[in-house]
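For reference, the chains in residue letters:
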Amino acid sequence: MAGYVGVFVSDPWLQNQFTQAELRSLKTHFMTMKRENSGGLKLADLPGKMSRIKHVGENLTEQERSSFLQDSYTNLEDEVDFELFLRVYLKLLALATERRGSGAKNASAFLKSPTSTLLHTISESEKASYVAHVNNYLAEDKFLKKYLPLEPSTNDLFEIAKDGVLICKLINVAVPGTIDERAINTKRELNPWERNENHTLCLNSAKAIGCTVVNIGTQDFIEGRRHLVLGLISQIIKIQLLADLNLKKTPQLVELVDDSKDVEELMSLAPEKILLRWMNFQLKKAGYTKTVTNFSSDVKDAEAYAHLLNVLAPEHSNPSTLKVKDPSERAKLVLEHADRMGCKRYLTGKDIVEGSPNLNLAFVAHIFQHRNGLSTQTKQISFLETLPDDTQISREERSFRFWINSLGNSTYIDNIFEDVRNGWVLLETLDKVSPGIVNWKIATKPPIKMPFRKVENCNQVVKIGKQLKFSLVNIAGNDIVQGNKKLILAYLWQLMRFNILQLLKNLRFHSHGKEIVDADILEWANTKVRNSGRQTRMASFKDKSLSDGIFFLELLSAVLPRSVNWSLVTKGQSEEEKKMNATYIISIARKLGCSIFLLPEDIIEVNQKMILTLTASIMYWTLKPPLEERPCGSSDSESGSILDTTSNSTTDDTASESSTDDNSIN
């Protein structure tokens, strides 16, 4: 039976500065340094050795690290144990933050990965807002309604999140159909393994809808780490609120631009950037002369809100709103206007005046959902009908984007084709997949003003690809800079494939260090199913018979017999039955611990690339040693991230195989 093995330190304060994922990663670095020094490690060794730890290594030079240690410790010949190593790391991290600032160019505060800081605090206003959101959207849920409504002034939210069900349900509210709810363990009393499965399912599913969860592990839910749980919930809610801010869902958004070129640019923008553009478009109608560039300082006086609501819902306007001088009073009148519109809002006047970016963004997104003020008669909407139907490209772009974001790079990307053009994200991804392969001395970090620097970055990306034996005939760095979609997708597919094959190769007890090829994965899957007594087989990764999902259900059942509840499986004959099976397959695989980014359509249509990644992920999960047999610091995440997401799934056959008591098999 595989259990959860945590990394613990004797000092409670020190223990609380890190998540378990962070501690495991840092323990790995510490043990590696000791091995390289023949078992001993002194303070004097750390300035050079700690260059490989991302934030400390990137933001401080070796000389800066050395000078700081000389000033901080009297004897650099002292031996370093793990606790002293952690204290040094925290001090250097604080120094790096102080000298360099955060440095990370992220889309917004919502999508910054919840990394360790010296003080873990939460916003009570945000907690109250998210509790109200949960109470509103999950009030009628059959399982959760007996626990709702939650009381915002208590820790009810964190207590109910401990079994994983709430987060799974929120993910499905944000992106319907992401999790097959038949795979969620929802018995009244869950044992530790069932709870762990739910946590693993929700973390892998959160990654698959675009959340950054690199520093969150299943133990963090069990321990009720409030800042991490709240950080994940805020990301899920943001994804829900911004879901309509694209041309596919709201084609009327083309009213914001003037010509087809601008439409293409609009399509590449992050949702919150589109929301800002929409807000300024409406404010211009109202005669508001300032430009709103953020959801914090630019809206603190509530004037922009007053003009926005007046133009969207003039019938509910109050002339006093723009006459009052006190921002707090104006904010109160704005919220009363929103209430008269019937617009949901979970913030207070104080939140507006204090400039809470998360809650203000949520407020504007609610306004957009309720009344966007865009014309349904816009002539430009017809332009969208002339755009090529790139459904396949769109699905692949989504999979690669979420995979890259799951690695914990410094930049959160919203559009693959735009955000990789300077080469930096690709270099970071290459470094995660194959640590040490990037020559950072010749790389240029964003923002990059000189075009030739972008070409240099992308030339190194292509050079490394050739070094890794990617097929890159007639591809140059400038093709990436120019945003060539097909070439970018081809490169990313080879990079993702290389990553999973390397992970399998590194399981030396199985591969004996030899190269793993596609045929090995195919043979393993067929052998596993055959040895379980089943008759189905996969001729290739493009075998059309795979569309019914039966083979993968039999494979999952073969690797963990009680993972599949066969009473819930369909014959996979109609399109609806195929989709039910495909959704179930993906949820079971994620519940086991597989980090996968495909959609049910990829199984139904037998997308060769995604079928390979699914099979390889199941193979990797099956063959990797149990946690207690792995070196301390190992992670289950299928990424090269320094601080990986932890998904510790049980291999105990007594674990729940169904979502409800009624469906359990005796």
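All figures in this text were calculated on a predicted structure; none of them were measured in a lab.

S.K.: Hey, could you go over helix α5 (residues 62–72) for me, with residue numbers and the actual values?
M.R.: Along α5, the positions that sit buried rather than exposed are Arg65, Ser66 and Leu69. Projection of α5 onto a plane perpendicular to its axis shows the buried side chains occupying an angular sector of 100°, all on one side. Those residues of α5 that are exposed and aimed more than 90 degrees away from the buried face are Gln63 and Asp71.

S.K.: Just give me the short version of the packing of helix α22 (residues 424–433) against helix α25 (residues 485–505), but keep the residues and values in it.
M.R.: Running from N to C, α22 and α25 point in directions that differ by 20°, and their axes come no closer than 10 Å. It follows that α22 is roughly parallel to α25 by the angle criterion. With respect to the hand of their crossing, α22 and α25 are arranged in left-handed fashion. From α22, Leu426, Thr429, Leu430 and Val433 reach across to α25, where they touch Tyr491, Leu492, Leu495, Phe498 and Asn499. For the contact of α22 with α25, a count of residues per class yields 7 nonpolar, 2 polar and no charged.

S.K.: So, the confidence of the model for the protein: which residues are in play, and what are the values?
M.R.: For residues with low pLDDT, the predicted coordinates do not support detailed interpretation. Residues at a pLDDT of 70 or more form 85% of the protein, whose mean pLDDT is 84. In the model of the protein, helix α19 (residues 381–385) stands out as the element of lowest mean pLDDT, 56, in contrast to helix α28 (residues 550–559), which has the highest, 97. Scored below 50 in pLDDT, residues 1–5 makes 20 contacts in the model with residues more than four places away or belonging to other chains.

S.K.: Break down the side chain of Ser356 for me, citing the residues and quoting the values.
M.R.: Relative to the helices and strands, Ser356 resides in the loop between α17 (349–354) and α18 (357–370). Ignoring any residue separated from it by four or fewer positions in sequence, one finds Ser356 in contact with Glu126, Phe295 and Asp351.

S.K.: Lay out helix α29 (residues 575–592) with the relevant residues and their values.
M.R.: With 18 residues, α29 extends 26 Å from end C-alpha to end C-alpha; this agrees with the ideal 26 Å at 1.5 Å per step. Burial runs high along α29: 13 of the 18 residues are buried.

S.K.: Can you explain the packing of α22 against helix α23 (residues 451–467)? Please cite residues and give values.
M.R.: Packed helices, taken two at a time, are described by their axes: the angle between them and the distance between them. Interaxial distance between α22 and α23 falls to 8 Å at its minimum, and their mutual angle equals 35°. In terms of crossing hand, the pair formed by α22 and α23 is left-handed. Every residue of α23 that contacts α22 at Trp424, Leu426, Leu427 and Leu430 is listed here: Asn457, Gln460, Val461 and Ile464. Residues of the contact of α22 with α23, tallied by class, amount to 6 nonpolar, 2 polar and no charged.

S.K.: Go over the side chain of Arg330 with me, naming the residues and quoting the values.
M.R.: Of note, Arg330 is situated in helix α16 (residues 327–341). Here Arg330 is buried and forms no salt bridge, its nearest opposite-charge partner Glu303 lying at an N-O distance of 4.1 Å. Among the polar contacts made by the side chain of Arg330, one reaches the main-chain carbonyl oxygen of Val324 at a distance of 2.7 Å.

S.K.: Before we move on, could you go through the packing of aromatic side chains and cite the residues and values that matter?
M.R.: A complete count under the given rule lists 10 aromatic pairs for this structure. Both rings, one in Phe30 and one in Phe82, keep their centres 5.5 Å apart while their planes meet at 50°; by these two values the pair is tilted. Of this pair, Phe30 sits in helix α2 (residues 20–36) while Phe82 sits in helix α6 (residues 82–100), and the two are 52 residues apart along the sequence. Assessed through its relative accessible area of 8%, Phe82 is described here as buried. Judged by centre distance (6.4 Å) and plane angle (20°), the rings of Phe82 and Phe85 are stacked. Here Phe82 and its partner Phe85 are both found in helix α6, 3 residues apart, which amounts to about one turn of the helix. Every member of this aromatic cluster is reached through a ring pair, and the members are Phe30, Phe82 and Phe85.

Parameters at a glance
Residues numbered from 1 in each chain as written. Predicted model: local features only at pLDDT ≥ 70, side-chain atom pairs only at ≥ 80, totals over all residues. Heavy atoms only, no water. Buried < 20%, exposed > 50% of the residue type's maximum accessible area, 1.4 Å probe, protein only. Helix = DSSP H or I, 4+ residues; strand = E, 2+ residues; numbered from the N terminus. Arc of directions from axis to C-beta. Axes fitted to C-alpha atoms, helices over the stretch in contact; angles between N-to-C directions. Parallel < 35°, antiparallel > 145°, perpendicular 65-115°, else oblique. Left-handed = near helix turned anticlockwise from the far one by under 90°. Contact = heavy atoms within 4.5 Å. Nonpolar A, V, L, I, M, F, W, Y, C, P; charged D, E, K, R; others polar. pLDDT = per-residue confidence, 0-100. Expected span 1.5 Å × (residues − 1). Lys, Arg positive; Asp, Glu negative; His and termini not counted. Salt bridge = Lys/Arg side-chain N within 4 Å of Asp/Glu carboxyl O. Polar contact = N/O pair within 3.5 Å; in protein donor to acceptor, adjacent residues only side chain to side chain. Phe/Tyr/Trp six-rings, centres within 6.5 Å; stacked < 30°, edge-to-face > 60°.

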